[in-house]
Structure formats: structure tokens, C-alpha cells
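One-letter residues, chain by chain:
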Number of protein chains: 2
Amino acid sequence: MKKTSTYPVSARGPADHEVRDQIVAAATEHFSRYGYEKTTVSDLAKAIGFSKAYIYKFFESKQAIGEMICANCLRQIEAEVSAAMAETDLAPEKLRRMFKAATEASLKLFFQDRKLYEIAASAATENWQAVVAYEGHIQKLLQDVLQEGRQSGDFERKTPLDETAKAIYLVMRPYLNPLLLQYSLDYTEEAPMHLSNLVLRSLSP
Amino acid sequence: MKKTSTYPVSARGPADHEVRDQIVAAATEHFSRYGYEKTTVSDLAKAIGFSKAYIYKFFESKQAIGEMICANCLRQIEAEVSAAMAETDLAPEKLRRMFKAATEASLKLFFQDRKLYEIAASAATENWQAVVAYEGHIQKLLQDVLQEGRQSGDFERKTPLDETAKAIYLVMRPYLNPLLLQYSLDYTEEAPMHLSNLVLRSLSP
DNA sequence: CGTGTGACCATTTGGTATTATAGTCACTAT
DNA sequence: ATAGTGACTATAATACCAAATGGTCACACG
């Protein structure tokens, strides 16, 4: 199995290679310190002691490197969300924690890793693979918890599952999507609770 | 009573004056045709046959003129939403129509009056009075229909009204707020229906 | 074959000189 | 007092050119 998560379409050359890891490490460092725009490919090359041309043996563009770093950020968020959900067995509580953890993890990125956040925001604007994958994974998590709640009898079963999932995703989107989050900052304090309440009321059997 | 809606804080000089109306008319024309940035205050002056200095007897800045035009747009949306809601007496249906009409009116602005939409988006970014007022009015409409539905027995009465109103507003926001709408275009087709359904389920007694 | 690069080109970007614009004010006319 | 303006300034936009950057390629080395 090819692990597409760490070797996306936009990569090239040997998949498993020490230099690839070095590039990613240097890019993470530079992007998060100086930002994506201010980091040149030559900077990365210098940092790992190779020529710029060599970097292009591993990534087909600077953006491809950015995608990788962005994907790592988003996977980090996914992991935090999954962890928060794993803390309980009750579907309703899982849903609450999912919403809360996702918002908090995104906010953490925004406030503590602004430069990386900016990459994620561009990624969302331009619909990079990493963001599409992230959205897919979150939707999957959501669908799973809905299914679980239906099985346990916590959630109603009349409404088609995919409709419910879609609607709830739309409710969460302004706080999950890096691009939208920055325009919802005034609400991040209360929104997860209020919206979780609303969603759970809508799910009651 | 001062009608603050047509004479906001950022205006100056005689409130009711033919020239003020001429300025607004010329600005509406120019802003919607050439855009806010590309229109100079001198252009407006030329259009109404006065000097630029005279315009500043009526508005304290170019932005103040923009606010007025923007406020008109938003009031137009409000009017369309109110009209749509008046078509029915049933609170749940009112809520559906509110969501649908608001989304459609905002989309109309986006696609058919792009230049004016851009003003509204800036207004939302910079929190102009016009947008704050618009949000307030929409929230009032929402609160009223909720109250009405509670009285008629269509909606549950346990949850505090302002919490419900706030949560539902947050659900609608991505499609009402001009700044957010442009990032939700992929969803405007289905979102009003799916989200109305979700909200109504959450309101069921 | 895999590792690695300097030289090269087409676009962007950054800096800067110049122009255009927002906004004011003293002033005239009625 | 109300109606109206030309001349002015500080700031923002623009136009311009030089430097920097993303990206490629032919080639060298083991």
C-alpha cells in the first residue's frame, strides 16, 4: 500500500528517501518561522546543504512542499479531534467534543502558528488536496458518530444519514475551515456549545 | 424622529437636501458600474455638476458615501426577506423562507451587482455601521418568528429564546454575511434546505 | 542506474519616482 | 446664514525598471 497521505500526487522522485524528510523538516521550520511567501526554495536548499535543483527531484513545485506541510498541520488537528472523541463512549458527548476540539485545535493553529495557519488558509482558498482530504476525514468522523448514536438509540433514525451528516457539517464548517475560521473569531467562544446544543436537539429521537 | 437609517453618524450638513440625494444617486450609479475604488469623489462631483468640496458638506468621507449605498443594498435584502416571510402565517415555513430568501437575495447581489457586493464585503470586513444594523435587523426577524412559533405551539419552549436565536443565527451566518457568502458558494444550492430542516428538527416541541 | 549541480529563462517581486486622490480651508457670492 | 468653489497638502495609488525567485535542463560523477 502506497501511503498517499505522505506521498501525494504533487510529489515526485523516490518516495522514501532521507533527503525528502530533510526537505520537509527544513520547510516546516522555515515556513512556520518566516512564512511560506518569505521562504525561498533556495533557502530550503541551503538549509539542507544541497542545491535548489535537487529539491525539485522530490517535489514538483514549492506549493507541493507547502501542501505537505499543510497536510501535516491538518492531520495534527484530525488527531486531536479523534483523541477528544475517544475520551467518551456516548455519541452525543462525542459530537460535542468533536466540535469543541476541532475549533480549539484550529484556533491554536491560528494563534500559535500563524504562519502555518496562513498556508492552510491559502490551501482552503485554492482547494488544495490536503484540505479536500481533511474535510473528507472530518465528514467521515461525523458520519461514524452519527451512526453510532443511531445504533445506541441516542439519535433519531428517520432522517437520511447523509442529509444529517451534510447539514451538521455545514454547521461546523465556519469553525473547521481555516479560511472561514478567521471570520468567525468573534463567535468561537460560544459557538461550539450553542451549536452543539442545537444540533443535538435536532438529533433527539 | 431622526431617520438614522438614511442619515447615519458619518453624514454631515443638511439632512434633507436635494443635493444629498443627487450624490447618493450618482454614487449608486458609479459604484455599481465602475466599483467603489475606481470611482473618485471628483467623478461624483462632476456627475452632479458641483465641485468636489461641496460633496464634503454632505458626507464626511468617501467611505460615508459607500456606507450609505451599502446600507441601501442591505435594506433591499431585508425587504426581500420580509416579503418572503409575509407570504405565509406558519412559523416553520416563515423560517424556511427567511433562510431561502436571504440566501437568494445575497446571491443576487453577488452575481448581478458584483461591484456593490464588493462594497458590502468590505463593509463586513471592517464592521461598518450598515452591516451591524443589517445583522441586528435579521436577528430581530429571527427572534420574532421564533416567538411566534412558540406561541402557536409549533416550536419547543424549553430552550431560552436568545440562545436558540443566537444558535440559529450562527447557522445562517455563512449565507447572510456578504463576506462569508463568497466562501460558501458551493453550498448555496442545498444549504438553505438542509439547514432549515436541521433547525426545524431542533425546534420541534 | 542514482546522486547532484551550475547555468539558464520567464515571471514575480521590491523599490522608487511620479502621479492621482481624499480631504481641508479660506474665501466669494447671495 | 446658506450655497458654492479653487487652491492646497498629505497620503495613496500607479508606473516603471532592476533584482530576486520559481522552475528546467543538460550534464558530471560514481
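Definitions and cut-offs
- Residues numbered from 1 in each chain as written.
- Chains lettered and ligands numbered in written order.
- Predicted model: local features only at pLDDT ≥ 70, side-chain atom pairs only at ≥ 80, totals over all residues.
- Heavy atoms only, no water.
- UniProt positions renumbered as here; feature names shortened; annotations may be inferred.
- Helix = DSSP H or I, 4+ residues; strand = E, 2+ residues; numbered from the N terminus.
- pLDDT = per-residue confidence, 0-100.
- Contact = heavy atoms within 4.5 Å.
- Buried area = accessible area lost by both parts, 1.4 Å probe.
- Salt bridge = Lys/Arg side-chain N within 4 Å of Asp/Glu carboxyl O.
- Nonpolar A, V, L, I, M, F, W, Y, C, P; charged D, E, K, R; others polar.
- Near = heavy atom within 4 Å.
- Polar contact = N/O pair within 3.5 Å; in protein donor to acceptor, adjacent residues only side chain to side chain.
- Phe/Tyr/Trp six-rings, centres within 6.5 Å; stacked < 30°, edge-to-face > 60°.
- Buried < 20%, exposed > 50% of the residue type's maximum accessible area, 1.4 Å probe, protein only.
- Lys NZ or Arg CZ within 6 Å of the ring centre and 35° of its normal.

(A) Expanded view of the UniProt feature "DNA-binding region" (unreviewed entry) in chain A. Mapped onto the present numbering, the UniProt feature "DNA-binding region" (unreviewed entry) falls on residues 40-59 of chain A. For the annotated span residues 40-59 of chain A, helix accounts for 60% and strand for 0% of the residues, and the straight-line distance between the end C-alpha atoms is 14 Å.

(B) Fine view of the confidence of the model for chain A. Residues and elements named next belong to chain A. Per-residue pLDDT for chain A has a mean of 92; in total, 94% of the residues score no lower than 70. Ranking the elements of chain A by mean pLDDT puts helix 6 (residues 114-125) last, at 93, and helix 10 (residues 191-203) first, at 97. In the predicted structure, residues 1-5 sits below a pLDDT of 50 and forms three contacts with residues beyond four places in sequence or in another chain.

(C) Region of the structure containing the interface of chain B and chain A. Taken together, the contact between chain B and chain A spans 26 residues of the former and 26 residues of the latter. The contact between chain B and chain A buries some 2500 Å² in all, and 64% of this surface belongs to carbon and sulfur atoms. If you look at where chain B meets chain A, you find two salt bridges. Across the pair A:Lys166 and B:Glu190 runs a salt bridge, and its minimum N-O distance is 3.1 Å. Among the elements that line the side of chain B that touches chain A, the one with the most residues is helix 8 (residues 161-176) of chain B, at eleven residues. Of the residues contributing to the side of chain B that touches chain A, the split by class is 14 nonpolar, six polar and six charged.

(D) Structural detail: the protein's contact with DNA strand C. The full set close to DNA strand C counts 16 residues, and A:Ser51, A:Ala53, A:Tyr54, B:Lys52 and B:Lys62 are the nearest of them. In DNA strand C, the atoms that sit within 4 Å of the protein are 55% sugar and phosphate, with bases accounting for the remainder. The contact in question runs from a base oxygen of DNA strand C to an N or O atom on the side chain of B:Lys52, over 2.4 Å. Those elements that provide at least two residues to the surface near DNA strand C are helix 3 (52-55) of chain A together with helix 3 (52-55) of chain B.

(E) Geometry of the packing of aromatic side chains. Residues and elements named next belong to chain A. In this structure the tally under the stated criterion is 13 aromatic pairs over all chains. Geometrically, the ring pair formed by Phe110 and Tyr117 is edge-to-face, given 4.6 Å between the ring centres and 80° between the ring planes. Tyr117 shares its class with Phe110; the two are buried. Its guanidinium or amino end placed over the ring of Phe110, Arg114 lies 3.9 Å from that ring's centre, counting from NZ or CZ.

(F) Quick look at the side chain of B:Thr164. The topology assignment puts B:Thr164 in helix 8. Accessibility expressed as a relative area gives 1% for B:Thr164, which makes it buried. There is a polar contact of 3.4 Å between the side chain of B:Thr164 and the side chain of B:Arg150. Reaching out from B:Thr164, the side chain makes a polar contact with the backbone oxygen of B:Pro160 at a distance of 3.0 Å. Excluding its chain neighbours within four sequence positions, the residues that come into contact with B:Thr164 are A:Arg201, B:Leu146, B:Arg150, B:Thr159 and B:Leu203.

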